[in-house]
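A structural walkthrough
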Amino acid sequence: MEKIVNLSRLIEELVKEYDVFAPVGDDNFSQFSPIKNLGEANLDLINTTKPLKNLFLPQSEKLFSVDGAKENITLEPKKNINNKRIILGAKACEVKGIELLTKVYTGGTLPDELFEERRKNTIIIGLSCLEPRDTCFCAALGVNPFEEKGMDLVLTKINGKFVMKSLNQKGEEFFKKYPDVFSEINKEDLEKRDKLKESVLKKQNLSLDLKEIKEKLDKEVDNPLWEEISQRCINCGICTYLCPTCQCFDIHDEAGKGQALCRFRTWDSCMFPDFTLMAGGHNPRGKKKARIRQRFMHKFSYFIDNFYEPGCTGCGRCIKFCPVNVDILEILKKVKD
Amino acid sequence: MDINSELQKKVYKLFEEGTIKRFIGYEKGSLPYKTRPCIITKKEDVNRLIFDQFCVNNLSIYLRGDLEKTGILANMCTLKSIVALLQGNQVKPENLYILAVNCPGMVDPDKAELSSLPAQTKLMPFGYKNLYDKCKACHHELPKIYQDLIGEEISVACEPVDEYAFIKDMEKLTQDERWKFWEKQFSKCIRCYACRNVCPICYCKECMVDKANPQWVSKLNQSSTNEYYNLMRVIHVMGRCTDCGECERVCPVKIPYRKLIKKMEKEIKELYGYVPGKDPKELPPLSTFKEEDPEKGIK
């Protein structure tokens, strides 16, 4: 079903029942944050600075705590992670990122409870992307700005109005539950949307073909390209920390004075030298070249081994924010040739 | 002769004469408004080298470690940082060949209309308003530590702006208001350490945040440790930082580090009459002790 939605009123209704998250901020800095009304959200942003990943895999989170100060040692697991929540305004590449993370965190025999619960409690209202950036290349990853996969509902902005379309049963229920905020859509608006879609899809960057990328990468382990990139790479964590699919974490036990001992997990980056540092002092990826290569191999070789598709959504954040212009698109093209 | 041919010819000659074994410069990046650092080791590669108004990276960070005879293209900010590296004995002057460039100031792609950028940019096609703030306040007085110089002398169209003007608003705030401001800024931090890794002055062999056994700073992303990391880093470069602005430029969450850095620079200037990045023979005031040092602030 699809209808014109009064978004402002819909959000007023939704916040009564759900935690509603939407892109908040400006061109300088933005992220998905809780909102109380439409005015707080910025649905015109091309992409938020921080990816949607943060809402499913927070940078640091407590796993459990052990309190030895009490008479008996108590082990307290983290409970009640989330209320029911709605993510509004996520672009196709963001949702693809969550799809890929879901494979990693719930695909195996031991699903991650924290991630699973968050995913289960979340309804995603997507937003068609109307303006791909010059760093975007989602087409190469099987995503497009109007992709609807992984969303429950999707919004498209046409002439200042929002069209809302349901994509599954969960989405359908919205139309029944909040009938007052929807109005019928006319043929003209639908035609406008189709035209808009056509023009946006034309702007897509189609220059990269990832066919057989894994086979090619596997052969290029000793390519001098890696050495060349590593010369300028500064080994910061921007590319991995802003990536919507990078999922590595480290476990830490910490306790303040007189406080319970807490076990945390917190993001870690394969770009950092201590990521692979062993207790005995050995470091299998001690050289920058090996770390740079790892990022590409993980996304475009090992991820394909494990999940039959690349671990990248083409959002282009790593290209946009890299301080020394390490451009994943350029490098993959070089490897292809 | 355009600046790129001048640059390439000079570097070619340096390789041919055996003056250098490596050269650190810039090459065209993957997007019209991006350039990137490149390190070449063969004279045949000199045609990769370019210089335009997007050559913003501070190349002095690539001077770390034991160097073979190395040449470096130094814009204003790189040059000032090399002064600081020489002061700290981080680079051996005998292994260094500095090719300075009259730096016209760098264009901030966030300010320029990206869509209208020409694919092949030429020097100075951009108005003053598109420059990075640090460049608008630049006095264009290159420290005289270079071996050679390229590019036309810069005639500054506008007077440099007051470099401390933008921190005056901060100074008017109360301590509480300032703390609230920075709390909010540091809450955005993702601890990617790009500010540290891109900083020429952050040359500690092991950074306090990487100290794991015993752990000095918690790895958790939480307000207290984010504040601790950021403030410690900024204080640690105080008096040596030459305001190349790289920390602010690379920060993906746009923490306005220069507001802190310029404030500290101003304090050092007022207390000790010292401005970093001018003379390699001078020593930074916080690395030395003089009897006549002011004691303001010591309780």
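Residues numbered from 1 in each chain as written. Chains lettered and ligands numbered in written order. Predicted model: local features only at pLDDT ≥ 70, side-chain atom pairs only at ≥ 80, totals over all residues.

**Section: the overall build of chain B**
- In terms of helices and strands, chain B carries nine helices and six strands.
- Against the compact-globule benchmark of 19 Å for 299 residues, chain B has a radius of gyration of 20 Å, which places it among compact chains.
- Across its three principal directions, the C-alpha atoms of chain B cover 60 × 45 × 40 Å.
- Within chain B, the fraction of its 299 residues that count as buried is 37%. (Helix = DSSP H or I, 4+ residues; strand = E, 2+ residues; numbered from the N terminus. Rg over C-alpha atoms; globule rule 2.2 N^0.38 Å. Buried ≥ 20, exposed ≤ 12 C-beta atoms within 10 Å, placed from the backbone.)

**Some words on the overall build of chain A**
- Across its full length, chain A holds eleven helices and twelve strands.
- The C-alpha radius of gyration of chain A comes to 22 Å, within 12% of the 20 Å expected for a compact globule of 337 residues.
- Look at the contacts in chain A between residues 6 or more apart in sequence, and 69% of them connect residues 24 or more apart. (Contact = placed C-beta atoms within 7 Å.)

**Describing the packing of helix H2 (residues 92-106) of chain A against helix H3 (residues 113-120) of chain A**
All names here are of chain A.
- Running from N to C, H2 and H3 cross one another at 140 degrees; their axes reach a closest spacing of 9 Å. One finds that H2 runs oblique with respect to H3. Considering only the axes of H2 and H3, their crossing is left-handed. Contacts from Thr102, Tyr105 and Thr106 of H2 reach H3 at Phe115, Glu116 and Arg119.
- Its residues placed into classes, the contact of H2 with H3 shows two nonpolar, two polar and two charged. (Axes fitted to C-alpha atoms, helices over the stretch in contact; angles between N-to-C directions. Parallel < 35°, antiparallel > 145°, perpendicular 65-115°, else oblique. Left-handed = near helix turned anticlockwise from the far one by under 90°. Nonpolar A, V, L, I, M, F, W, Y, C, P; charged D, E, K, R; others polar.)

**Observations concerning the environment of Lys259 of chain B**
Residues and elements named next belong to chain B.
- Positionally, Lys259 belongs in helix H9 (residues 257-272).
- Separated by 28 residues in sequence, Lys259 and Ser287 place their C-alpha atoms 23 Å apart.
- Those residues in contact with Lys259 that sit more than four places away from it in its chain are Ile167 and Met170.

**A short note on the domain arrangement of chain B**
All names here are of chain B.
- Under the domain assignment, chain B is made up of domain 1 (3-150) and domain 2 (165-287).
- Placing the centre of domain 1 and that of domain 2 at their C-alpha centroids yields a distance of 24 Å.
- Taken together, the contact pairs 18 residues of domain 1 with 19 residues of domain 2.
- When residues of the side of domain 1 that touches domain 2 are assigned to their parent elements, the largest contribution, eight residues, is made by helix H2 (residues 76-87).
- Looking at the side of domain 1 that touches domain 2 residue by residue, the class counts come to ten nonpolar, five polar and three charged. (Domains from an automatic or database assignment.)

**Topic: the domain arrangement of chain A**
All names here are of chain A.
- Parsing chain A into structural domains produces domain 1 (2-60 + 78-202) and domain 2 (213-248 + 271-336).
- Centre-to-centre separation of domain 1 and domain 2, based on C-alpha positions: 28 Å.
- For the side of domain 1 that touches domain 2, the residue count by class is 14 nonpolar, four polar and six charged.

**Brief notes about the sheet that holds strand S10 (residues 182-183) of chain A**
All names here are of chain A.
- Pairing is mixed across the open sheet formed by eight strands, whose spatial order is S3-S2-S6-S7-S8-S9-S1-S10. A single partner strand is all that each edge strand has here, and the edge strands are strand S3 (30-34) and S10.
- Across three bridges, the pairing between strand S2 (residues 19-25) and strand S6 (residues 85-90) is parallel. Opposite Asp19, over in S6, you have Arg85 as the bridge partner. (Pairing = 2+ DSSP bridges.)

**Considerations on the interface of chain A and chain B**
- Contacts between chain A and chain B engage 27 residues on the former and 28 residues on the latter.
- Partitioned by chemical class, the residues of the side of chain A that touches chain B number ten nonpolar, ten polar and seven charged.

**Quick word on the pairing of strand S5 (residues 96-101) of chain B**
All names here are of chain B.
- Counting buried positions along S5 gives five out of six residues, so the element sits mostly inside the fold.
- Direction of pairing for strand S4 (residues 70-74) relative to S5: parallel, over a ladder of five bridges. Among the inter-strand pairings, Gly71 is bridged to a residue of S5, identified as Tyr97.
- In this fold, the crossover linking S4 to S5 by way of H2 has right-handed handedness.
- As judged from the three bridges shared by S5 and strand S6 (residues 148-150), these two strands associate in the parallel manner. (Right-handed = clockwise from strand over helix to strand, strands pointing away.)

**Topic: H2 of chain A**
- Taking 1.5 Å per residue as the helical rise, H2 of chain A with its 15 residues ought to reach 21 Å, and the 21 Å between its terminal C-alpha atoms agrees with that figure.
- Structurally, H2 of chain A contributes buried residues whose contacts are with S6, H3 and strand S7 (122-127) of chain A. (Expected span 1.5 Å × (residues − 1).)

**With respect to the environment of Ile292 of chain A**
Residues and elements named next belong to chain A.
- Note that Ile292 resides in helix H9 (residues 288-307).
- Separated by 63 residues in sequence, Ile292 and Ile229 have C-alpha atoms that sit 7.7 Å apart.
- Dropping the residues within four chain positions of it, Ile292 is found in contact with Trp226, Ile229, Ser230 and Cys233.

**Quick word on the pairing of S4 of chain B**
Residue and element names in this part refer to chain B.
- With four of its five residues buried, S4 lies for the most part within the structure.
- Here three bridges tie strand S1 (residues 22-28) to S4, and the two strands are oriented parallel to one another. Looking at S4, one finds that Arg22 is bridged to Thr70.

**Some points on the confidence of the model for chain B**
All names here are of chain B.
- Here chain B averages 89 in pLDDT, while 92% of its residues score no lower than 70.
- Counted against residues more than four places away or in other chains, residues 119-123, with its pLDDT under 50, gives nine contacts.
- As scored by the predictor, the complex reaches a pTM of 0.93 and an ipTM of 0.92. (pLDDT = per-residue confidence, 0-100.)

**Here's the deal with the environment of Leu225 of chain A**
- With respect to the helices and strands, the residue Leu225 of chain A is situated in helix H7 (residues 224-232).
- For the pair Leu225 of chain A and Lys334 of chain A, spaced 109 residues apart in sequence, the C-alpha to C-alpha distance is 8.7 Å.

**Thoughts on unusual backbone geometry**
- Following Asn213 of chain B, the chain continues to Pro214 of chain B via a peptide bond in cis, the omega torsion being 0 degrees.
- Checked against the element boundaries, Pro214 of chain B lands in the loop between helix H6 (194-197) and helix H7 (223-236).
- Even without being a glycine, Asn325 of chain A presents a positive backbone phi close to 55 degrees.
- Looking at the element boundaries, Asn325 of chain A is found in the loop between helix H10 (317-321) and helix H11 (328-336).
- Phi at Asn89 of chain B is positive, roughly 55 degrees, even though this residue is not glycine.
- For Asn89 of chain B, a count of 7 C-beta atoms within 10 Å corresponds to the exposed category.

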